[in-house]
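# Remarks on the overall topology
Each chain, letter by letter, is given below.
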Amino acid sequence: MQNKGFVQVLAVLLLLVCFFYLSFSFVTNHYNKAALAFATKPGTNEVDSALYKRYLDSIAPTKVWFGYTYKECMDKEINLGLDLKGGMNVVLEVSQADILRSLTVPNPPQNFNKAIDMTIQRQASSQTDFLTLFKNAYLELDPNAKLSTIFSTYDKKDQIPLSATNDQVMVVLRKDVESAINNSFNVLRTRIDRFGVVQPNIQKLEKSGRILVELPGVKDPERVRKLLQGTANLEFWETYNVAEIYSALADANSALPAILENGGKAKTDTVPAVGTPAKATAEAKAQKPAGTSKEDSLAALIKKKEKPTADKGNQQNIAEFKKKNPLFGLLQGVDPQGASPRVGVALAADTSTIGSYLRNPQIRSKFPSDLALKWGVKAIDKQGQYFELYALKSTTKQGPALQGDVVTDAKDDYGQYGSNAIVDMTMNSKGANTWAILTKQNVGKCVAIVLDNYVYSAPVVNQEITGGRSQISGHFTVEEAKDLANVLKSGRMPAPAHIVQADNVGPSLGQKSINSGLISFVIAFVLILIFMIFYYGWIPGLVANGALILNVLFIMGILASFKAVLTMPGIAGIVLTLGFAVDANVLINERIREEKEAGKNLRKAVADGYKHALSAIVDSNATHLLVGIILFSFGSGPIKGFATTLIIGIITSFFCMVFLTHIFFELFLEKEGREDISFTTRLTKHWLLHPNIDFIGMRKTWYVVSGIVLLICVGSLATRGLSQGIDFSGGRNYQIAFNQQVDAENLRTVLKGAFGGNVNVIAIGTSGKEVRVSTNYEIANRSASVDDEIETKLYTSLKPMLGGNITRDQFVKKHIVSSQKVGPAVAEDIKVAAIWAIVLAVLGIALYIFLRFPSYTFSIGALVSLIHDVVVVLGLYSLLYSIMPFSLEIDQAFIAAILTVIGFSINDTVVIFDRIREFIKLYPKREISSLMDDAMNHTLRRTINTTVSVILVLLAIFIFGGDVIRGFVFALLIGVVTGTYSSILVASTIAYDVQVWHAKRQQKKKLA
């Protein structure tokens, strides 16, 4: 083998890199267990979530592994998808209709509103962007209309003069719409950072106006919905200097011990008036800072970790100080002579406690009535632990001196000497007048810029600012200046973001998925290992199994290094990849076996076996990789996770099965006397040995069988159709768990009245205690409260079947184990993307076959075979969706299964075509029918062995993988069977008949 040394070095380096990245998951798991043990109440299994979070916050800046802090280790661990970890996956859409309405002149013509309504209707079934649809609709109503007459406002007259053409107006509108979407993105990103979610993900989607938000581990979906769908609230506040309120702070600190001792602590609100900055999550409830042994022991534990010989007396003094000074014990750096509004700083974990103190009515009465205390939005230290508290002054009934909707533009720039970044801000005429008064009255003091109740900046006013143009400086970095400019622009965000697609998975279902995934993975892996040894014997089996184990390590390590998300379909993708990886070894082992039967010694047989199997392996992997790329491009969420693992698995499998196994064999053969490997066992020695089936001669029989099956499938598709999931139809799904068995049909009758008959209920699993409720009731309603209303309807209708005195909150949090929402426009996009994915996969593979093989007849045979497989799978889903005890809905997972089936089918077909191509070169004068028969018979054993190994894997996933993925695996099982059938009995026979037809046609041309 050439370049053996390079392959060995690459394998070792890759293995070390994978171990390095996987180690972070083990480290974080260790500390998570330690936090869990610390926060568990003695003698119970109950975990104090606030203490658990506090423990992890305390070690976040601590270096725990190879110089990395715990927080950095968390960023590098394997990301679990929502279906494994629980949480929410939300797609929000900024209403471009509302954006356009905000940009028009007062009282726009009636045609404008008509055009907006027409555009909204057409967008639900069109892939054209909103602005283009609006322009077409407006001109349809009035072909001579000029858009400048409705968009040339006072603020926009320079950019859109009345003389501007419609195309020029559209350029400005696109810029404004994109800016509004960017503003929404920035606001959402900041809100999510404050929410305290570990490893959140937020990204703008290609479809203009849509933003994807993934929040692992979230347990309060109702709060998340409210948080994400609110409009941005930008404000400008006057401020107090600390010196002006210090006496009140001191009085509050002195009064707190007695109040706390008497149990007068205020309840922590969901959204406290004093605010809670990033890191202080909803779970971080107020804790007593004094007299609580858990907190004292936590402080001691942290101190001990940093300083093993810590002074115990000093620790006691600190605890005593905190007990006597509850406020100043947590709020540090309070300066009695402070000349700025920055009151002090506190640990993120303490902000909720401080908030509860300051909201206590007895404490609140000690402060000026116009004082508002708000936290800074960003931590002031690199570790992200400390946040500043600001003292703001209410000057209007609403509090702030000026609202942010007066800002017309903001951009980052450089100061006069180019040393520091600054922010240029422009206001409209109304804002400019108020801003001039505000700055005149506060020269030498700070004005706080507040967004969503958090202080982003508090610059000092140097002089009165007139004209509405201001320059904000403050030793900003370039990134900080950009962030502040985005904050200021967010104040004029004209439209909220509406949830158009949402998936919510409860933590219990996530843990169930993890268990199911691990069980199915282990069983499938063990079955493959046993199969390889059973069929090929100990040495070839162990070589293949060693490569498979390395392959799993490589896949997991690369996933971790890429920060890819591991989902339940992703686990299925890994397991399925192992099944396909076996195919390469089966190909190689079968070729080595053939070379040995031809009389070659073992060393020569191994070398030639790898050489002759390579082209088939390359072609089959290339077509499979093409399918994976198409899946990744058109899929979303878990399907993209499946595609990611599939792509990585294909690449690593090729490396392990082609190169590493070859090295293993060569190392084995270096020792003398190793010529006795037979690549078979006693039980498999005569399995399909030299079959002689007349495939070509019997082709008409295969055509009849396929014709009957296809006729039944097409008939079912035409009459019964398919059961479309909400991915394609739009609507909501709720998976609901009951404490006792329930009847799905009875539940449907009960819910029919609440949802106007537009509801479907199916049983999930075999226990009879879980159902899935589907409805498209009010799916087009964009109200922020409609999801809560539907959950209330579900609760009211199902309450008699829940058993016990279950509250609505308990029902939502414990009995709705998962939910999904897909808006009609999103459903249409998903449907179109799915159709394109299948069409491009089929055509792309046909084109690859056309380029790689000597005749176009092979490409036609492959194309017909793939269409055959797709129709059969679709037809069986149509026939069985009302019979099977699990869901056979057509959704994104099903499309992933179809594409995987296409990849498997062409994988088989390519191997057969490759052997035909090889025989054509070796025996150019032989009759094509006998040549093709020989090729199919020679590859039959490999085809059956690969199919058996893949079916073993799929059966393991189907039985043990859980209800969530059962329909997906069922499609794969059908596809593997029909793909094996079509690759042998359809693709090659069609290619033969087309070749015969082509030869006859050429003969007629010559005679003519």
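Residues numbered from 1 in each chain as written. Predicted model: local features only at pLDDT ≥ 70, side-chain atom pairs only at ≥ 80, totals over all residues. Heavy atoms only, no water.

### Notes on the overall build of the protein
Check the secondary structure of the protein and you find 33 helices and 22 strands. Summarising the internal contacts of the protein: among those between residues at least 6 apart in sequence, 76% fall at separations of at least 24. Of the accessible surface of the protein, which amounts to about 44,300 Å², a share of 57% is contributed by carbon and sulfur atoms. (Helix = DSSP H or I, 4+ residues; strand = E, 2+ residues; numbered from the N terminus. Contact = heavy atoms within 4.5 Å. Areas by Shrake-Rupley, 256 points an atom, 1.4 Å probe, with all protein chains shown as cover.)

### Digging into the sheet that holds strand β16 (residues 469–476)
Strand pairing in a sheet relies on backbone hydrogen bonds. The paired strands run either parallel or antiparallel. The strand order across the open sheet formed by three strands is β12-β13-β16, and the pairing between neighbours is antiparallel. Two strands bound the open sheet, and with one partner strand each, they are β12 (407–414) and β16. Here the average twist between neighbouring strands, direction ignored, is 20°. Bridge count for strand β13 (residues 421–427) against β16 is five bridges, and the pairing is antiparallel. Bridge pairing in β16 places Asp424 opposite Gln471. Contacting β13 and β16, helix α17 (residues 429–441) runs over the sheet at an angle of about 115° to β13. (Pairing = 2+ DSSP bridges. Axes fitted to C-alpha atoms, helices over the stretch in contact; angles between N-to-C directions.)

### Focus: the environment of Thr900
Locating Thr900 in the fold gives a position in helix α31 (residues 892–922). Along the primary structure Thr900 and Ala643 are separated by 257 residues, whereas in three dimensions their C-alpha atoms are 9.5 Å apart.

### Observations regarding the packing of helix α27 (residues 786–802) against helix α28 (residues 808–815)
When two helices pack together, their arrangement is given by the angle between their axes and by how far apart the axes lie. Their axes nearest at 9 Å, the elements α27 and α28 cross at an angle of 95°. With respect to α28, the element α27 is oriented roughly perpendicular. Where α27 approaches α28, its residues Asp788, Glu791, Thr792, Leu794, Tyr795, Leu798 and Leu802 are matched on the opposing element by Arg808, Phe811, Val812 and His815. For the contact of α27 with α28, the residue count by class is six nonpolar, two polar and three charged. (Parallel < 35°, antiparallel > 145°, perpendicular 65-115°, else oblique. Nonpolar A, V, L, I, M, F, W, Y, C, P; charged D, E, K, R; others polar.)

### Observations regarding unusual backbone geometry
Although it is not a glycine, Phe66 sits at a positive phi angle of roughly 50°. Its place among the elements puts Phe66 in the loop between β1 (63–65) and β2 (68–69).

### Some details on the side chain of Arg210
Structurally, Arg210 can be placed in strand β6 (residues 210–216). A residue is classified by how much of its surface remains accessible, and Arg210, at 5% relative accessible area, is buried. A distance of 2.8 Å separates the side chain of Arg210 from the side chain of Glu93, its partner in a polar contact. If near-sequence neighbours (up to four positions away) are discounted, Arg210 is found in contact with Val91, Leu92, Glu93, Lys204, Leu205, Ala825, Val826 and Asp829. (Buried < 20%, exposed > 50% of the residue type's maximum accessible area, 1.4 Å probe, protein only. Polar contact = N/O pair within 3.5 Å; in protein donor to acceptor, adjacent residues only side chain to side chain.)

### Some thoughts on the sheet that holds strand β5 (residues 201–204)
Across the sheet, eight strands lie side by side as β5-β6-β4-β17-β22-β19-β21-β20; this open sheet has antiparallel pairing. Each end of this open sheet is capped by a strand with a single partner; those strands are β5 and β20 (760–763). Taken pair by pair, the neighbouring strands of this sheet meet at an average axis angle of 15°, ignoring direction. Of the strand pairs in this sheet, strand β4 (residues 87–94) and strand β17 (residues 497–505) are connected by eight bridges, and their pairing is antiparallel. Each bridged residue has a counterpart across the sheet, and for Leu92 the counterpart in β17 is Ile499. Sheet strands touched by α27: β19 (731–737), β21 (770–775) and β22 (816–822). Its angle to β19, the strand with the most contacts, is close to 40°.

### Quick word on the pairing of strand β7 (residues 234–239)
Working note: regular strand, side chains alternate between the two faces of the sheet. Of all six residues in β7, six are buried; the element is thus mostly enclosed. Here β7 shows a buried face lined by Leu234, Phe236 and Glu238 and a second buried face lined by Glu235, Trp237 and Thr239. Both β7 and strand β14 (residues 447–451) contribute to a ladder of five bridges, which runs antiparallel. Across the sheet, the residue bridging to Phe236 is Ile449, located in β14. Looking at chain direction, β7 and strand β11 (residues 402–403) are connected through two bridges and run antiparallel. What sits directly across from Phe236, in β11, is Leu402. As paired elements, β7 and strand β10 (residues 386–393) share two bridges and run antiparallel to each other. Residue pairing for β10: Thr239 is matched across the bridge by Leu392.

### With respect to the packing of aromatic side chains
Given two aromatic rings, one states the distance between the centres and the angle between the planes to describe the pair. The tally for this structure, following the rule as stated, stands at 31 aromatic pairs. Relative to Phe24, the ring of Phe20 has its centre 5.0 Å away and its plane inclined at 80°; by these criteria the two rings are edge-to-face. Here Phe20 and its partner Phe24 are both found in helix α1 (residues 4–39), four residues apart, which amounts to about one turn of the helix. A relative accessible area of 27% places Phe20 in the partly exposed class. According to the relative accessible area criterion, Phe24 is buried, its value standing at 0%. Summarising the aromatic geometry, the rings of Tyr246 and Phe328 are spaced 6.0 Å apart at their centres and angled 10° between planes, so their arrangement reads as stacked. (Phe/Tyr/Trp six-rings, centres within 6.5 Å; stacked < 30°, edge-to-face > 60°.)

### A short note on the pairing of β21
Counting buried positions along β21 yields six of six residues, so the element is predominantly enclosed. Because side chains alternate across β21, one face comprises the buried residues Glu770, Arg772 and Ser774, and the other comprises Val771, Val773 and Thr775, equally buried. Sheet topology places β19 next to β21; six bridges connect them, and they run antiparallel. Across the sheet, Ile736 pairs through a bridge with Val771, a residue of β21.

### Brief notes about a nonpolar patch on the surface
On the surface, Phe634, Ile835, Trp836, Val839, Leu840 and Leu843 cluster together into a nonpolar patch covering about 540 Å² of accessible area. Topologically, Leu843 is positioned in helix α29 (residues 824–852). (Patch = residues over 30% accessible without salt bridge, like charges linked within 9 Å, V, L, I, M, F, W, Y side chains within 5 Å. Salt bridge = Lys/Arg side-chain N within 4 Å of Asp/Glu carboxyl O.)

### Let's talk about the nonpolar core
Core analysis: the largest hydrophobic core is formed by 142 residues, its most contacted members being Leu548, Ile849, Leu899, Ile902 and Phe968. With sequence-adjacent residues up to four places away left out, Ile902 is seen in contact with Val627, Ile838, Val842, Ile845, Leu866 and Val870. Formed by 43 residues, the second largest nonpolar core is a distinct cluster that contains Tyr138, Val177, Ala180 and Leu215. (Core = buried A, V, L, I, M, F, W, Y, C linked by side-chain atoms within 4.5 Å.)

### Observations concerning helix α20 (residues 538–561)
Across its 24 residues, α20 extends 34 Å between first and last C-alpha, which sits within 8% of the 34 Å expected from 1.5 Å per residue. Across the 24 residues of α20, 17 count as buried, placing the element largely inside the fold. (Expected span 1.5 Å × (residues − 1).)

### Thoughts on the pattern of salt bridges
For the structure on display, the rule yields 33 salt bridges. Where Asp98 meets Arg101, a salt bridge forms, and the shortest distance between an N and an O atom there is 3.0 Å. Of this pair, Asp98 and Arg101 both sit in helix α5 (residues 96–103), three residues apart, roughly one helical turn. What makes Asp98 partly exposed here is its relative accessible area of 25%. We classify Arg101 as partly exposed; its relative accessible area is 34%. Salt bridges here are not isolated pairs; linked through shared partners, they connect Arg591, Glu594, Arg915 and Glu918.

### Observations regarding a negative patch on the surface
A cluster of acidic residues, Asp412, Asp413, Glu479 and Glu480, forms a negative patch on the protein surface. The topology assignment puts Asp412 in strand β12. (Lys, Arg positive; Asp, Glu negative; His and termini not counted. Charge placed at Lys NZ, Arg CZ, Asp CG, Glu CD.)

### Observations regarding the side chain of His815
Note that His815 resides in helix α28. Using a relative accessible area of 7% as the deciding quantity, one classes His815 as buried. A polar contact of 2.8 Å, which involves the side chain of His815, links it to the backbone oxygen of Ala737. Excluding anything up to four places from it in sequence, His815 contacts Gln735, Ile736, Ala737, Phe738, Asn739, Leu802, Ile806 and Gln810.

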